[in-house]
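Examining the three-dimensional arrangement
Here are the chains, one letter per residue:
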Amino acid sequence: MTAPTQTTTSRIARFRKLSVAGIATAGAAAAALTLAPSPAQAAPVPANVSASQVAAADAPAAKKAKKAKKQYADNLDGWIKEALDIMKAEQIPGSYEGLHRNIMRESSGNPNAQNNWDVNAQNGTPSKGLLQVIQPTFDAYHVDGTPHDLTDPVANITAAANYAADKYGSIDNVDSAY
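Presented here is an overview of the structure given in this document. (Residues numbered from 1 in each chain as written. Predicted model: local features only at pLDDT ≥ 70, side-chain atom pairs only at ≥ 80, totals over all residues. Heavy atoms only, no water.)

Some thoughts on helix α4 (residues 96–107)
The terminal C-alpha atoms of α4, which comprises twelve residues, lie 16 Å apart, in line with the 16 Å expected from a rise of 1.5 Å per residue. The complete set of buried residues in α4 reads Gly98, Leu99, Asn102, Ile103 and Ser107. Angularly, the buried residues of α4 cover 125° about the axis, an arc narrow enough to put them on a single face. Close packing links the buried residues of α4 with α3 (76–89) and α7 (153–168). The first or second residue beyond α4 is serine 108, which carries a positive phi of 55°. (Helix = DSSP H or I, 4+ residues; strand = E, 2+ residues; numbered from the N terminus. Expected span 1.5 Å × (residues − 1). Buried < 20%, exposed > 50% of the residue type's maximum accessible area, 1.4 Å probe, protein only. Arc of directions from axis to C-beta. Contact = heavy atoms within 4.5 Å.)

Okay, structure coming up:
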């Protein structure tokens, strides 16, 4: 028998690591299933209460859980994700990558960025916010459900994406100042 090569040794080590990770994952899943209560462990229902009454009693809690507002981080990642959820609901096309690329080019991620030197600023309407939108464009393309505030990060993103969808098909198609 010949001595194992470096490649063979590396493959064996990788296989061992994957095997250990797989066993650990399976063990964690088994523990989670063991700790999760089964229907048999649920509180007993009195004999005089019907299944529909139990379901009706649980309905408000289920409805409240569904209506709980999704939480987003108060940073660029969170603003983009919140904007994407609103855009999806409003059928405004765009991707995380397209929004992020344009935001970094326009404002470097600063929601308070303001352009005080271009033609818009010279005409008294400076571009503001993450995607450098002017007030008339923001007003025309504002998306319901977001604040009427040009520098609000989510409102700025959604209005700009709405404008880009109208003019270019999507914010993903914008690769320069628009």
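Structure shown, so let's carry the discussion forward.
A few points about unusual backbone geometry
Positioned with a positive phi, glutamine 91 is a non-glycine residue whose angle comes to about 60°. Positive phi values are uncommon outside glycine, yet serine 108 reaches one of about 55°. Examined against the element boundaries, serine 108 turns out to sit in the loop between α4 and β1 (114–115). For serine 108, a relative accessible area of 56% translates into the label exposed.

What to know about the pattern of salt bridges
The tally for this structure, following the rule as stated, stands at six salt bridges. The partner of lysine 81 in a salt bridge is aspartate 77, with the nearest N and O atoms 3.1 Å apart. Here the residue lysine 81 and the residue aspartate 77 both occupy positions in helix α3, the gap between them amounting to four residues, near one helical turn. Judged by relative accessible area, which is 41%, lysine 81 ranks as partly exposed. Its salt-bridge partner being aspartate 175, residue arginine 101 comes within 2.6 Å of it at the nearest N-O pair. (Salt bridge = Lys/Arg side-chain N within 4 Å of Asp/Glu carboxyl O.)

Details of the packing of α3 against α4
Across the interface, α3 lies against α4 with an axial gap of 10 Å and an inter-helix angle of 130°. Between α3 and α4, the interaxial angle falls into the category oblique. The hand of the α3/α4 crossing is right-handed. Here Leu76, Asp77, Ile80, Lys81, Leu84 and Met87 of α3 lie close against α4, whose contacting residues are Tyr96, Leu99, His100, Ile103 and Met104. Residues that form the contact of α3 with α4 fall into these classes: eight nonpolar, one polar and two charged. (Axes fitted to C-alpha atoms, helices over the stretch in contact; angles between N-to-C directions. Parallel < 35°, antiparallel > 145°, perpendicular 65-115°, else oblique. Left-handed = near helix turned anticlockwise from the far one by under 90°. Nonpolar A, V, L, I, M, F, W, Y, C, P; charged D, E, K, R; others polar.)

What to know about the nonpolar core
Most often, soluble globular proteins keep nonpolar side chains buried together rather than apart. Judged by nonpolar contacts, the single largest core of 25 residues is most densely connected at Ile80, Met87, Leu99, Ile103, Leu131 and Ile157. Among the elements of the structure, α3, α4 and α7 are those that each provide at least two residues to this core. (Core = buried A, V, L, I, M, F, W, Y, C linked by side-chain atoms within 4.5 Å.)

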